[in-house]
Amino acid sequence: MKNIPQKETRRQPKIKTEMNGRGLTVHAGVLPVLTFMGKLMFRERIEEAVPKERGANAKYRFIDAVQMVVIGLMAGATSMAEVVKVWADEVVMKMAGWKAIPVDTTIGRIMKLVTQGDIVELTGVIHRFRGKVWKRAVRSGQKLRSALSDMWIDVDSTVDGVYGNQEGAEVGYNPHKKGQKSYHPLMAFITETKEVLHSWFRCGSAYTSNGVVEFMKECMAYMKKRVRVIFRGDSGFFTGELLEYLESVSAGYLIKVKLKNLVGLLEGQKWEKVKGNAGWEQADFWYQCAGWNCARRFVAVRQLIKTERGLFDIPVYEYFCYVTTERLSSMEAHSCYGKRATCETWVEECKSQMNAGHVRTGEFLANAALFHCAVLAYNLLKWMALLTGGVIQQWEVKTMRLWLIRVAGKLTKGSRQLTLKLPEKFLHQEEWRAWEGMSLSVEFG
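Described below are features of the structure shown in this document.

About the cut-offs
- Residues numbered from 1 in each chain as written.
- Predicted model: local features only at pLDDT ≥ 70, side-chain atom pairs only at ≥ 80, totals over all residues.
- Heavy atoms only, no water.
- Disulfide = S-S within 2.5 Å.
- Buried < 20%, exposed > 50% of the residue type's maximum accessible area, 1.4 Å probe, protein only.
- Salt bridge = Lys/Arg side-chain N within 4 Å of Asp/Glu carboxyl O.
- Helix = DSSP H or I, 4+ residues; strand = E, 2+ residues; numbered from the N terminus.
- Axes fitted to C-alpha atoms, helices over the stretch in contact; angles between N-to-C directions.
- Parallel < 35°, antiparallel > 145°, perpendicular 65-115°, else oblique.
- Contact = heavy atoms within 4.5 Å.
- Nonpolar A, V, L, I, M, F, W, Y, C, P; charged D, E, K, R; others polar.
- Pairing = 2+ DSSP bridges.
- Core = buried A, V, L, I, M, F, W, Y, C linked by side-chain atoms within 4.5 Å.
- Polar contact = N/O pair within 3.5 Å; in protein donor to acceptor, adjacent residues only side chain to side chain.

**Remarks on the state of the cysteines**
For the coordinates displayed, the defined rule picks out zero disulfides. The cysteine C294 is free of any disulfide, with C289 supplying the nearest cysteine sulfur at 10 Å. The exposure class assigned to C294 is partly exposed, which follows from its relative accessible area of 28%. C321 takes part in no disulfide bond, and the closest cysteine sulfur to it belongs to C289, at a distance of 9.1 Å.

**Some remarks on the pattern of salt bridges**
Within this structure, the stated rule accounts for 19 salt bridges. Ionic pairing is found between R340 and D234, a salt bridge with its closest N-O pair at 3.6 Å. Of the two residues, R340 is situated in the loop between α12 (330-338) and α13 (341-353) and D234 in the loop between β8 (228-233) and α10 (240-248); the sequence distance between them amounts to 106 residues.

**Comments concerning the packing of helix α3 (residues 62-74) against helix α4 (residues 80-87)**
Where α3 meets α4, the axes come as close as 9 Å, and the angle between the chain directions of the two elements is 90 degrees. Classified by the interaxial angle, the pair formed by α3 and α4 is roughly perpendicular. Residue-level contacts link Q67, M68, V69, I71 and G72 of α3 to V83, V86 and W87 of α4. Partitioned by chemical class, the residues of the contact of α3 with α4 number six nonpolar, two polar and no charged.

**Some details on the pairing of strand β11 (residues 280-287)**
Where strand β10 (residues 272-273) lies against β11, two bridges are found, and the strand directions are antiparallel. From the neighbouring strand, K273 faces β11, where its bridge partner is E281. Taking the residues between adjacent antiparallel strands as the criterion, β10 and β11 are bridged by six residues, where G276 takes a positive phi near 80 degrees. For β11 and strand β12 (residues 296-308), the ladder comprises eight bridges, and the chain directions are antiparallel. Paired with Q282 across the strands is V301, a residue of β12.

**With respect to the nonpolar core**
Side chains of a nonpolar character, in soluble globular proteins, are inclined to be buried together. Core analysis: the biggest nonpolar cluster contains 135 residues, and F36 and M216 have the highest contact counts within it. The leading source of residues in this core is helix α14 (residues 364-388), at 19 residues. Setting aside its immediate chain neighbours within four residues, F36 contacts V133, L380, W383, M384, L387, M438, S439, V442 and F444. Among the nonpolar cores identified, the runner-up in size contains 14 residues, and V301, L328, M331 and Y337 belong to it.

**Focus: the side chain of N367**
Inspection of the secondary structure puts N367 in helix α14. Polar contacts involving the side chain of N367 include one to the main-chain amide nitrogen of T361, which spans 2.5 Å. Those residues in contact with N367 that lie beyond four places of it in its chain are Q166, Y183, F201, R360 and T361.

**Concerning the sheet that holds β12**
What the nine strands build is an open sheet, ordered β7-β6-β2-β8-β9-β13-β12-β11-β10; its pairing is mixed. Of all strands in the sheet, those bounded by a partner on one side alone are β7 (196-200) and β10. In this sheet, strand β9 (residues 252-256) lies alongside β8 in parallel orientation, the contact comprising four bridges. Its bridge partner lying in β9, R232 is registered against L254. Most of the contacts of helix α7 (residues 116-139) go to β7, to which it runs at about 175 degrees, and overall it touches β2 (150-157), β6 (186-190) and β7. Along the sheet, helix α9 (residues 212-221) contacts β2, β6, β7 and β8; its crossing angle with β7, the most-contacted strand, is approximately 140 degrees.

**So, the environment of L420**
You can see L420 is positioned in strand β15 (residues 417-421). Placed twelve residues apart in sequence, L420 and A408 show a C-alpha to C-alpha distance of 9.8 Å. Once you skip the residues sitting within four places of it in the chain, L420 turns out to touch T25, A28, L31, V91, M95, G409, K410 and L411.

This is a description of form; function is not addressed.
In structure tokens form, the structure reads like this:
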């Protein structure tokens, strides 16, 4: 009788844990970010723009608080206490050249020093950083259409509910929790690069389009003259005042129409079938709404939903209508507007994955400054992805954080040189090398 070999039994070895490892970190990916920020002269530019003076005995400056919040949010912090926990990592401290870190209440007190003018200056710095990054991208051969000709921007608002009585948090439009106090930020995204072009931190009672003309004036102030901006927005931005302003600065628009008599207006139009799209029809007409100074081009499509049978068969349609300056057929405009749905994912990415608006104090302007720090953190990752290229450009913040920032490492010192040692093999190693390589090689003029 043949001997049947016994299958090898694999047993998990007994392992004990000790929390006394030194020089270890789970945020090794912060190093390329800090390198990139150094190349942008991040600290110098922000300190120049917002030179907040503190007492003679003050150990930390405004730029220290900004850097702590930006890096903390990139690492996944959802509160001021968690921002400090990220920086309690001695390797992160050494990589940034810090010997000690402030407590969370100190960061909060520093942020409460900001004024409305400081918020404007901080926003301006973000635009100047963008200019440097885009100039570098174009110089390296990337065909950034938004930097050279047409720039499509998606504008949207988002509701950020709060618990408590923070200044400026008011009851307003809140589809998730009616009656809850909230903030209502307004954000504009550049479609091509997915970055935040401009943002306002607003009280919760602000309507979607409140101040949108002033908002767009600020956007246009940072645009190069040769670039044509095309505004894309939902029906909350269907206002004659906005359309007039956009036309006055030769900007384009594609905005969903909101009218009380819209269906009646559309039923009276001349419809034609859309070739290759069974059940779809389109119409193109000019219309002047009450209060407008001129007629504007409307494009509409409708889809046959069902036919109600009776003495006479009655078709039932679903209608979609837009006002636009662009040379698009009705169906092309409908398809182009459909791409705006991705803007809502960017809003959620910035709000939920970068925690914009989640790190707060009790004061409105301090919360506005913290919100803009989150926007800056979000844009920094998008800019690094843009310059790195490849698959990283397609990754969301949570993916970049998981595979590029939360990387295990050990900081060692030898021959007067600090060395950050990474695992010999880990997932997305090639992408990490490209990410780090870009941060080391990039230079801004």
